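Descriptive structure summary
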Amino acid sequence: MARIKIDQLSTVYPNGVRAVDSLDLEIADGEFFALLGPSGCGKTTLLRTIAGLEQASGGSVSIGDKDVTSFEPGRRNVAMVFQDYALFPHMTVSENIAYPLKVRRQPKTRQREVAERTAGSLSLGGLLERRPGQLSGGQQQRVALARAVAIDADVLLLDEPLSNLDARLRLEARTFLKRLQKDIGITTVFVTHDQAEALALADRIAVMEAGRIRQLGSPRDVFRRPSDTFVANFIGSTPMNLLDGTIENGSLSVAGATLPSPVDLPDDTKVTVGIRPEYLSLEPAGQGITGTVSTIENLGVSSLVTLECPDGSLLGLTVREQHEPAIGSTVTAVPEQGRLLLYGKEDGTVLR
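Description of the structure in this document.

Cut-offs used in this document
Residues numbered from 1 in each chain as written. Predicted model: local features only at pLDDT ≥ 70, side-chain atom pairs only at ≥ 80, totals over all residues. Heavy atoms only, no water. Core = buried A, V, L, I, M, F, W, Y, C linked by side-chain atoms within 4.5 Å. Buried < 20%, exposed > 50% of the residue type's maximum accessible area, 1.4 Å probe, protein only. Helix = DSSP H or I, 4+ residues; strand = E, 2+ residues; numbered from the N terminus. Contact = heavy atoms within 4.5 Å. Pairing = 2+ DSSP bridges. Axes fitted to C-alpha atoms, helices over the stretch in contact; angles between N-to-C directions. Expected span 1.5 Å × (residues − 1). Arc of directions from axis to C-beta. Phe/Tyr/Trp six-rings, centres within 6.5 Å; stacked < 30°, edge-to-face > 60°. Lys NZ or Arg CZ within 6 Å of the ring centre and 35° of its normal. Salt bridge = Lys/Arg side-chain N within 4 Å of Asp/Glu carboxyl O. Right-handed = clockwise from strand over helix to strand, strands pointing away.

1. Focus: the nonpolar core
Val-207, Ile-289 and Leu-315 are the most contacted members of the largest nonpolar core, which has 73 residues in total. Among the elements that line this core, the one with the most residues is helix α4 (residues 137-150), at six residues. Excluding residues within four positions of it along the chain, Ile-289 makes contact with Leu-243, Val-254, Ala-255, Ala-257, Leu-259, Leu-307, Cys-309, Leu-315, Val-331, Thr-332 and Ala-333. Of all hydrophobic cores here, the second largest spans 28 residues; its members include Ala-2, Leu-9, Leu-25 and Leu-35.

The structure is reproduced here in structure tokens:
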């Protein structure tokens, strides 16, 4: 079993920066788990602390049934793929893949055998004698993955391995990586700042900020019901609408409109109203928010329409291509039932 258990883990740098702050986390055996957050949130430090490349200042890391907190990286039986792939430029593809086995003093025949078998499974069979400088970015990424897979580790750690690829290659690599992880069944922890990658790849996501986990859940749960306004702002290719609202006479007053409140609250309660652009639609009639079309942004198969509401707030919604309203027209955006969220004005947490 390669379950990862993190208990009250802290990583503090000599300058006093608390990169990981008393964090608790459990990752299941065989799970594809994503650490997601903006730069500086502590996700890479957490990954490196699991690997043993950073020293924990407090708490513990367990892999399987072993507490590995004090173990050197080589004793943890983890494999890591770095953002820049860290391939040896003077070695061939075969030598790069077999290098961890060489370090472990495996026989040369076994090194060649494992390199050939792993390269074949990753469509690198015809490239074994080439050097990294003769490979494309996508091929270099697969060599780095092959080297990680070759050592038969308990855990695979991925530090933004797709960030150096162009958009088309990133999509192809995403599909490939998901299939590879399911085929080999290895517990995988994936660090990214790209929420589209996390939503597409992960079984579960931890959204991090300032060394702590703000929300932990499935991609669907994190997207549909962000736990606070930080997560709501961070998740989604189009930002969630976050508007000021007030409870009046049992209803929700927002952006000059009156809507049913999804939560029973006392009158005069100030809230932040959250609704994703994807969960709004233009309707000729219905209880919604009326505004004037100010801008339209083409997103390909859809467009992001921005409305200027009577109180001056802006509301975004997505519509299918060729269904865009005219600039300057007055339209009504109706929220999909059950999709409106309310957040506390003081702490920004979702009100249930």
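Having seen it, we continue.
2. Things to note about the sheet that holds strand β2 (residues 18-27)
Here four strands make up an open sheet; going across it, the order is β2-β1-β4-β5 and the pairing antiparallel. Pairing within the sheet leaves two strands with one partner each, and these edge strands are β2 and β5 (66-67). Sheet topology note: the strand β1 (residues 4-12)/β2 ladder contains six bridges and is antiparallel. Each residue of the ladder has a partner; that of Val-12, found in β2, is Arg-18. Packed onto the sheet, helix α1 (residues 43-51) meets β1, β2 and β4 (58-63) and runs at close to 115° relative to β1.

3. Brief notes about the sheet that holds strand β19 (residues 330-335)
Within the open sheet, the five strands sit side by side as β15-β19-β16-β17-β18. Their pairing is antiparallel. At either end of the open sheet lies a strand with only one pairing partner, and these are β15 (280-282) and β18 (314-320). Shown here is a sheet whose adjacent strand axes are inclined to one another by a mean of 50°, direction ignored. Here β15 runs beside β19; their pairing, made up of three bridges, is antiparallel. Bridged to Ser-281 within β19 is Val-334.

4. Regarding helix α5 (residues 167-184)
The end-to-end C-alpha distance of α5 is 26 Å, a good match for the 26 Å that 18 residues give at a rise of 1.5 Å each. Every buried residue belonging to α5 is among Ala-173, Phe-176, Leu-177, Leu-180 and Gln-181, and all of these are buried. Projection of α5 onto a plane perpendicular to its axis shows the buried side chains occupying an angular sector of 135°, all on one side. Of the exposed residues in α5, the ones pointing more than 90 degrees away from its buried face are Ala-167, Arg-168 and Thr-175.

5. Focus: the environment of Ala-200
Its location among the elements puts Ala-200 in helix α6 (residues 195-201). Take Ala-200: its relative accessible area is 38%, and that puts it in the partly exposed class. Counting along the chain gives 26 residues from Ala-200 to Arg-174, while the straight-line C-alpha distance between them is 7.9 Å. Ignoring anything within four residues of it in the chain, the contact list for Ala-200 reads Arg-174 and Lys-178.

6. A closer look at the packing of aromatic side chains
Under the counting rule described, the total for this entry stands at four aromatic pairs. Residues Phe-32 and Phe-190 carry aromatic rings whose centres are separated by 6.0 Å and whose planes lie at 70° to one another, so their mutual orientation is edge-to-face. With Phe-32 in strand β3 (residues 32-36) and Phe-190 in strand β8 (residues 187-192), the pair connects residues that are 158 residues apart, well separated along the chain. The pair Phe-32 / Phe-190 is uniform in exposure class, with both members buried. In this arrangement the basic side chain of Arg-276 is found over the ring face of Phe-223, its NZ or CZ atom lying 4.2 Å from the centre. Here Arg-339 stacks its cationic end above the ring of Tyr-279, 4.4 Å away from the centre of that ring.

7. What to know about the environment of Val-254
Structurally, Val-254 is set in strand β12 (residues 251-254). Take Val-254: its relative accessible area is 1%, and that puts it in the buried class. Each C-alpha atom, one on Val-254 and one on Pro-14, is 47 Å from the other, the two residues being 240 residues apart in sequence. Apart from the residues lying within four places of it in its own chain, the contact partners of Val-254 are Leu-243, Asp-244, Gly-245, Leu-259, Val-273 and Ile-289.

8. Quick word on the pattern of salt bridges
If you walk through the whole model with that rule in mind, you get 12 salt bridges. A salt bridge links Glu-54 to Arg-48, with the shortest nitrogen-to-oxygen separation between them at 3.2 Å. The closest approach of N and O atoms between Glu-209 and Arg-214, which form a salt bridge, is 2.2 Å. The partly exposed category is assigned to Arg-214, whose relative accessible area is 30%. Overlapping salt bridges, with partners in common, bring together Arg-18, Asp-21 and Arg-212 in one network.

9. Details of the pairing of strand β7 (residues 155-159)
With respect to burial, β7 is a largely interior element, five of its five residues being buried. The two faces of β7 match: Val-155, Leu-157 and Asp-159 on one face and Leu-156 and Leu-158 on the other face are all buried. Where strand β6 (residues 78-81) and β7 come together, four bridges link them in parallel fashion. When the sheet's bridge partners are listed, Ala-79 is paired in β7 with Leu-156. As paired strands, β7 and β8 are joined by five bridges and run parallel to one another. Residue Leu-158 lies in a different strand from β8, and its bridge partner there is Phe-190. At this point the chain moves from β7, through α5, to the parallel β8, and the crossover so formed is right-handed.

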